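Letter by letter, the chains look like this.
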Amino acid sequence: MFFSFAATAGDKTKVGFIYVGPTGDHGWTYRHDIGRQDVEKHFGDKVETTYIESVKYGPDSERAIRAMAKSGADIIFATSFGYMEPMLKVAKEFPNVKFEHATGYKQSKNMSSYGLRLYQARHVQGVIAGMMTKTNKICYVGAFPIPEVIREINTYYLGAKSVNPDVDIDIIWVNTWYNPGREADAAKVMIAEGCDMVAQHTDSPAPLQTAEKAGVLGFGQASNQYKFAPKAQLTATIDNWSPYYIAKVQAVIDGTWQSGDYFGHMKDDVVQMAPFTNMPEDVKAFAQKIKD
């Protein structure tokens, strides 16, 4: 793997991003890359950003993070759970570089962890699913059984149960963040078994598109995926990473960066939701009440 920041005049702050999927996944990585672009818009020629996409867990991610650090990065954001241990290891080798790990739980003197309370939006989705299901069978396409995904499944199910005690949930683990074919197949299986509300914690619009083709409903993941399934999307979680990225880059510029753990809240507009669509007005009103 070859990686380097371009030589630039002046003293730009160099910001790197490690992505688990392609920037065009229209989900998780897409939203992180919007955050990167917003850093560029905010700081202009004060910063230089770069990224490596579709980086596998394990040795590949360790090499990518190390290469970025060697190439002059001032701060590096690794945007997936499986990068935690590799980043922790590399952070020890580069004490003058600031490291940031998304969705993890370990920190060091020069490594922070960060995430968003996405379960807040997922709870609202669950309430909608519980009110809208006709079969009392909702389902979930899960990537990996890591804390973040399990937490959101739990809150989705508890939201549904809070308005519909008869609801049941099916889960299929696809063991990938981004594989549209596998994601779609998982949704098809659960729909065939009676699921009429499709939720997902994977990164492509495929499960939602599968729901639309089958004439059932579902939820977008990480970004507003309405354009991919306008007849099926009820709402979507929207991950807004930009405020955090801008704040942490500013801290590096100011020399005030500190290690810590961030867990962004809906009240700070970092956990957002797409408009409520394809649902009766009473469901929409109740969902808004829960969201508020």
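These numbers come from a predicted model, not from an experiment.

Asks: Requested: an account of empty space enclosed by the protein, with residues and values cited.
Replies: With the rule as written, the count across this model stands at 1 cavity of 30 Å³ or more. Size it by volume and the largest cavity reaches roughly 40 Å³. Lining of the largest cavity is provided by W28, S80, F81, T103, E148, W177, H201 and D203. When the residues that make up the lining of the largest cavity are grouped by side-chain class, the tally is 3 nonpolar, 3 polar and 2 charged.

Asks: Could you give me a rundown of the sheet that holds strand 1 (residues 13–18), with the residues and numbers involved?
Replies: Strand-to-strand pairing in sheets goes through backbone hydrogen bonds, with the strands running parallel or antiparallel. Read from one edge to the other, the open sheet built from 6 strands follows the order 2-1-3-4-5-11, with strand pairing classed as parallel. Both edges of this open sheet fall to strand 2 (47–52) and strand 11 (261–264), since each of them pairs with a single strand only. Neighbour-to-neighbour, the strand axes of this sheet turn through a mean angle of 20 degrees, independent of strand direction. Pairing geometry for strand 4 (residues 98–102) and strand 5 (residues 111–116), over 4 bridges, is parallel. Residue pairing across strands places H101 opposite S113, the latter belonging to strand 5. Across the sheet, helix 2 (residues 59–70) lies against strand 1, strand 2, strand 3 (75–78) and strand 4, angled at about 175 degrees from strand 1, the strand it touches most.

Asks: Talk me through unusual backbone geometry; I want residue IDs and the actual numbers.
Replies: Its identity as a non-glycine residue notwithstanding, S54 has a phi of 55 degrees, on the positive side. With respect to the helices and strands, S54 occurs in the loop between strand 2 and helix 2. With relative accessibility at 41%, the residue S54 sits in the partly exposed group. Phi is positive for A222, close to 75 degrees, though the residue is something other than glycine.

Asks: Tell me about the layout of surface pockets, residues and numbers included.
Replies: Its volume calculated, the largest pocket comes out at about 200 Å³. Lining the largest pocket are 17 residues, with T103, G104, G115, R151 and F263 positioned closest to its centre. Going through the elements one at a time, strand 5, helix 5 (147–163) and strand 11 are the ones with two or more residues in the lining of the largest pocket. In terms of residue class, the lining of the largest pocket is made up of 10 nonpolar, 4 polar and 3 charged. The space that makes up the second largest pocket amounts to roughly 170 Å³.

Cut-offs applied
Residues numbered from 1 in each chain as written. Predicted model: local features only at pLDDT ≥ 70, side-chain atom pairs only at ≥ 80, totals over all residues. Heavy atoms only, no water. 1 Å grid on protein atoms, 1.4 Å probe; cavity = no way out; pocket = protein on both sides within 12 Å on 5 of 7 lines; lining within 4 Å. Points joined across faces, edges and corners; volume = space filled by probe spheres on them. Nonpolar A, V, L, I, M, F, W, Y, C, P; charged D, E, K, R; others polar. Pairing = 2+ DSSP bridges. Helix = DSSP H or I, 4+ residues; strand = E, 2+ residues; numbered from the N terminus. Axes fitted to C-alpha atoms, helices over the stretch in contact; angles between N-to-C directions. Contact = heavy atoms within 4.5 Å. Buried < 20%, exposed > 50% of the residue type's maximum accessible area, 1.4 Å probe, protein only.

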